[in-house]
Amino acid sequence: MISTDRKKALILSAALLSMALATQVVSFPQRPLPNPVLYFVGSEPYKTGGKDWMRYKFMVGNYDAYPNEIFAPAPDLPPCGNNTKSSRTWVEVYDQGGKRLNGFCAFTKAASLNEIWFSLEPGVVPPSWVYIELNDRKTNTKYKSNLADTTE
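Residues numbered from 1 in each chain as written. Predicted model: local features only at pLDDT ≥ 70, side-chain atom pairs only at ≥ 80, totals over all residues. Heavy atoms only, no water.

1. Points about the state of the cysteines
What counts is decided by this rule: Defined by distance alone, a disulfide is two cysteine sulfur atoms within 2.5 Å. Put simply, DSSP H or I for four residues or longer makes a helix, DSSP E for two residues or longer makes a strand, and each gets a number counted from the N terminus. Burial classes: relative accessible area under 20% of the type maximum marks a residue as buried, over 50% as exposed, and values in between as partly exposed (1.4 Å probe, protein chains only).
A full pass over the atoms with the stated rule returns one disulfide. Covalently, C80 is tied to C105 through a disulfide, its sulfur atoms 2.0 Å apart. Taking the sign of the torsion about the S-S bond as the criterion, the disulfide between C80 and C105, at about -80 degrees, is left-handed. Of this pair, C80 sits in the loop between strand 2 (51-60) and strand 3 (89-95) while C105 sits in the loop between strand 4 (100-104) and strand 5 (116-120), and the two are 25 residues apart along the sequence. What makes C105 buried here is its relative accessible area of 15%.

What follows is the structure in structure tokens.
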């Protein structure tokens, strides 16, 4: 036979365990994000600082698969130059050989992935193919795109 004190202790333990389980937050693994699908949308001449340039513009076809929170300001992570509120995820543009062409460290939403570009001086032949990498600095995860053509 179980003593009254022991019974009370068992009931109290069961009640505490039940409350702990009821208030425990169940977290499910986050669905992995897809690699970006990059495509060329055109080129345009422009002038800045008194100098002529040719801008090559790209979009990410599946930009809406990325949550906006991965582009939130991340003041707890290393800054991008003087920008202490640069985004959690940075975007880098590379040619097919891995040479960096441009980078974006201040995107604030996934839709900004439709504003990717790099520039060259007029007359300079662009690389045949480029790709981008999204670097989620909070999770140390990189997402690499396909190779995208640089001509229409």
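2. Observations regarding the sheet that holds strand 5
Rule in force here: By the convention used here, strands pair only if DSSP detects at least 2 bridges between them. Fitting a line to C-alpha atoms yields each axis, with helices limited to the stretch in contact; the angle taken between N-to-C directions then spans 0 to 180 degrees.
In spatial order, the strands read 1-2-5; together these three strands make up an open sheet with antiparallel pairing. Whereas interior strands pair on both sides, the edge strands pair on one side only; in this sheet they are strand 1 (38-48) and strand 5. The mean angle between the axes of side-by-side strands here comes to 25 degrees, regardless of whether they run parallel or antiparallel.

3. Notes on the environment of N146
Keep this limit in mind: By definition in these notes, contact holds between two residues if any of their heavy atoms fall within 4.5 Å. By the criterion applied in these results, polar contacts are pairs of N or O atoms within 3.5 Å in which, for protein atoms, one can donate a hydrogen and the other can accept it, and in which residues neighboring in sequence qualify only through two side-chain atoms.
One can find N146 in the loop between strand 7 (141-144) and strand 8 (148-149). Spatially, the C-alpha atom of N146 lies 9.4 Å from that of W129, the residues being 17 residues apart in sequence. Excluding residues that lie within four positions of it along the chain, N146 makes contacts with P36, V37, L38, V130 and Y131. A polar contact is formed between the side chain of N146 and the backbone nitrogen of L38, at a distance of 2.7 Å.

4. Some points on unusual backbone geometry
Phi angles above zero are rare outside glycine, and N140 is one such case at about 55 degrees. By the element assignment, N140 lies in the loop between strand 6 (129-136) and strand 7.

5. Topic: the confidence of the model for the chain
Put simply, the rule reads: A residue's pLDDT is the confidence the predictor assigns to it, expressed on a 0 to 100 scale.
Confidence in the prediction for the chain averages 87 pLDDT; 80% of positions are at 70 or higher. Below pLDDT 50 for its whole length, residues 25-29 participates in zero contacts with residues either more than four positions away or in separate chains.

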